Amino acid sequence: MFKKFLCGLLSVSMMAMLMTGCGSSPAPAAEPEAGEQSNATTVEEASEPEQPAQADGEVTLELYHSWSPETTRGEVLTSLVDEFNQLHEGKIHVNVETNPDFPAYQEKVKTMLSTGTAPDIFHYNYNPNDLSYFESGLLMDFTPYMDAEWSERFESSDLETLTYDGKLLSVPFESAGAVIWYNKDVFAEAGITEFPDTWDGLLEACKTLQDAGYGGFSLFTGDDAWYSVNLITALWIANEGAATVNASTSFQTPGMINALNTYKEFCKYSTSDVIGGNYSVAGANFSSKKTTMAIDGSWFTSYQDEAVIPSIGVAPMPANGDGVATQGYLVTDAQTPWAASAQTDPAKEAAIAEFMKFITSEEATKTLTMEGSVVLSAKLELSDTDLAGVTEQMAAYLKVNGDAPSRTTNLQRNLSTQAGAELPTLLESFLLDQITAEQFCEQLDELN
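K.L.:
Quick question: what am I supposed to make of the overall build of the protein here?
P.N.:
Across its full length, the protein holds 18 helices and 12 strands. Burial statistics for the protein: of 448 residues in total, 56% are counted as buried. Carbon and sulfur atoms form 47% of the exposed surface of the protein, whose accessible area is close to 18400 Å².

Structure (structure tokens):
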């Protein structure tokens, strides 16, 4: 049964199926701007370049990423880098630097690229409305290394999305669907025996939780407003359906306006630090039971106190009960691929490709999924024995993902750079009643 649940999890742009014969209804991939992005080079056209003679000494690579080694996924990634270094001792060595503040991390990567000080390898959120990474001319082209064997690790649609002007400028890596994580013990204590299947029912549950001394959703407006925008996106889908939202070119729709007003209602049952709060604060609020729900990816439990983890459950996204949206739809993060800075040293370029093949291999993908609780883009087939070894929370997460009838990217991830930068201010102005939902949508359209 669980094999079916895993279908559709590990592809980024299409969230394509995990195992042969299984699948789900993916959101349509974002279309490139006219004249900007060409078709991907076919496998038949790619050929492995002739490897240069090993240079004297060891090739050193600098890897920069945002997974804190204090989290489960960061710890597992660190162990894989150590394994790679041991396997290539005397030939290749990867040094690692991390910055767990993802918004700050992304800004630093952009700055480093623009100043010619980019790390050899890094990851980032792909945004079809911001192709500055691709247009910079500063990224390594993986096309010569993407042979038939390596390309089979990925869905062709993912490779096409990350190809620009005939060059494969990034390698698919992480894909994440956001689900509702909730404290099932607190729900039970408050007398809520079943998780509501409608948003109106969930608002009523928040009132009940408040009467029992607990908050509802963890929400925040700072940084990328991840939790808040996940909720807003989910409410928009409930109002208009995933297909309509996925195809929308404007935020000025009745469904989006209603979603914002409903989001404001949910904020009344959150904490006082919603305005100006960030991911760390919101996560701590859940751990301390100030809040009881969060819409987040598979890594959520790795940021929670061990004492609260047994109480954590996973719920499918509610709908409105009117047939517009099907319960269980997913809001997803953007593609988070690996990229590398362009190299003038053939030996260093070849070393980067060697590491990329290692970290996206079936063995590494399985380790990151099973031990790091990370849903990745590379294909993976897990046996019943494998699945029996995951935590209760991960098993529930995989089931909700696998059963999802549709997938829609968090609306912030596809905003222009200017719109994304102004989004926190717009949210705060809206929550402070300085602008209406209609004005919020109008201004966001103008910025985007």
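K.L.:
Hey, could you run me through a negative patch on the surface in this one?
P.N.:
A contiguous patch of negative charge, built from Glu-83, Glu-362, Glu-363 and Glu-381, is present on the exposed surface. Residue placement: Glu-363 occurs in helix H14 (residues 362-372).

K.L.:
Looking at this structure, I do not really get unusual backbone geometry. What am I missing?
P.N.:
Across the chain, the bulk of peptide bonds are trans and the bulk of non-glycine residues have phi less than zero. Of note in the backbone geometry, Asp-223 takes a positive phi value of approximately 55° without being a glycine. Note on placement: Asp-223 falls in the loop between helix H8 (199-211) and helix H9 (226-240). Judged by its relative accessible area of 39%, Asp-223 falls in the partly exposed class. The phi dihedral of Asp-433 falls on the positive side, at around 65°, and the residue is not glycine. Considering the arrangement of structural elements, one finds Asp-433 in the loop between helix H17 (417-431) and helix H18 (437-447).

K.L.:
Mind showing me how you'd approach the sheet that holds strand E6 (residues 171-174) here?
P.N.:
What links the strands of a sheet is backbone hydrogen bonding, and the strands pair in either a parallel or an antiparallel sense. Taken together, 5 strands build an open sheet; the order of strands is E2-E1-E3-E11-E6 and the sheet is mixed. One side of each edge strand has no neighbouring strand; the edge strands of this open sheet are strand E2 (92-98) and E6. Here the average twist between neighbouring strands, direction ignored, is 25°. Here strand E1 (residues 59-65) runs beside strand E3 (residues 121-123); their pairing, made up of 2 bridges, is parallel.

K.L.:
Any chance you could explain the environment of Cys-267 here in plain terms?
P.N.:
Structurally, the position occupied by Cys-267 is in helix H11 (residues 254-267). A residue is classified by how much of its surface remains accessible, and Cys-267, at 13% relative accessible area, is buried. Residues Cys-267 and Gly-215 lie 52 residues apart in sequence; the distance between their C-alpha atoms is 9.5 Å.

K.L.:
In this structure, what is going on with the packing of aromatic side chains? I would like to understand it.
P.N.:
The description of an aromatic ring pair rests on the distance of the ring centres and on the angle between the ring planes. Per the stated rule, a full pass over the model turns up 28 aromatic pairs. Taken together, the aromatic side chains of Trp-181, Phe-286, Phe-300 and Tyr-397 make up a single cluster linked through ring pairs. Stacked on the ring of Phe-430, the Lys or Arg Lys-264 has its end atom at 4.1 Å from the ring centre.

K.L.:
Looking at this model, I keep getting lost on the layout of surface pockets. Mind explaining?
P.N.:
To find leftover empty space, a probe the size of one water molecule is rolled over the atoms. Approximately 600 Å³ is the volume attributed to the second largest pocket. Lining of the second largest pocket is provided by 28 residues; of these, Arg-73, Pro-100, Phe-102, Tyr-279 and Tyr-303 occupy positions nearest its centre. Looking at the lining of the second largest pocket, the elements with two or more residues in it are helix H3 (102-114), H9 and helix H12 (279-287).

K.L.:
Would you take a moment to explain the packing of H11 against H18 for this structure?
P.N.:
Packed helices, taken two at a time, are described by the angle between their axes plus the distance between the axes. It is the contact of H11 with H18, at a shortest axis distance of 9 Å, that shows an interaxial angle of 120°. Comparing their axes, H18 and H11 come out oblique. As for how H11 packs across H18, the hand of that crossing is right-handed. Counting all contacts with H11, which are made through Met-256, Ile-257, Leu-260 and Asn-261, the residues of H18 involved are Ala-437, Glu-438, Phe-440 and Cys-441. Here the residues of the contact of H11 with H18 are counted per class, giving 6 nonpolar, 1 polar and 1 charged.

K.L.:
Help me understand the environment of Asp-130, please; the structure alone is not making it clear to me.
P.N.:
Looking at the element boundaries, Asp-130 is found in the loop between E3 and helix H4 (132-135). You can call Asp-130 buried: its relative accessible area is 16%. A C-alpha to C-alpha distance of 8.0 Å links Asp-130 and Asn-414, two positions 284 residues apart in sequence. Ignoring sequence-local partners within four residues, the contact set of Asp-130 consists of Lys-110 and Thr-417. Looking at Asp-130, its side chain comes within polar contact range of the side chain of Ser-132, at 2.8 Å.

Parameters and conventions
Residues numbered from 1 in each chain as written. Predicted model: local features only at pLDDT ≥ 70, side-chain atom pairs only at ≥ 80, totals over all residues. Heavy atoms only, no water. Helix = DSSP H or I, 4+ residues; strand = E, 2+ residues; numbered from the N terminus. Buried < 20%, exposed > 50% of the residue type's maximum accessible area, 1.4 Å probe, protein only. Areas by Shrake-Rupley, 256 points an atom, 1.4 Å probe, with all protein chains shown as cover. Patch = residues over 30% accessible without salt bridge, like charges linked within 9 Å, V, L, I, M, F, W, Y side chains within 5 Å. Salt bridge = Lys/Arg side-chain N within 4 Å of Asp/Glu carboxyl O. Lys, Arg positive; Asp, Glu negative; His and termini not counted. Charge placed at Lys NZ, Arg CZ, Asp CG, Glu CD. Pairing = 2+ DSSP bridges. Axes fitted to C-alpha atoms, helices over the stretch in contact; angles between N-to-C directions. Phe/Tyr/Trp six-rings, centres within 6.5 Å; stacked < 30°, edge-to-face > 60°. Lys NZ or Arg CZ within 6 Å of the ring centre and 35° of its normal. 1 Å grid on protein atoms, 1.4 Å probe; cavity = no way out; pocket = protein on both sides within 12 Å on 5 of 7 lines; lining within 4 Å. Points joined across faces, edges and corners; volume = space filled by probe spheres on them. Parallel < 35°, antiparallel > 145°, perpendicular 65-115°, else oblique. Left-handed = near helix turned anticlockwise from the far one by under 90°. Contact = heavy atoms within 4.5 Å. Nonpolar A, V, L, I, M, F, W, Y, C, P; charged D, E, K, R; others polar. Polar contact = N/O pair within 3.5 Å; in protein donor to acceptor, adjacent residues only side chain to side chain.

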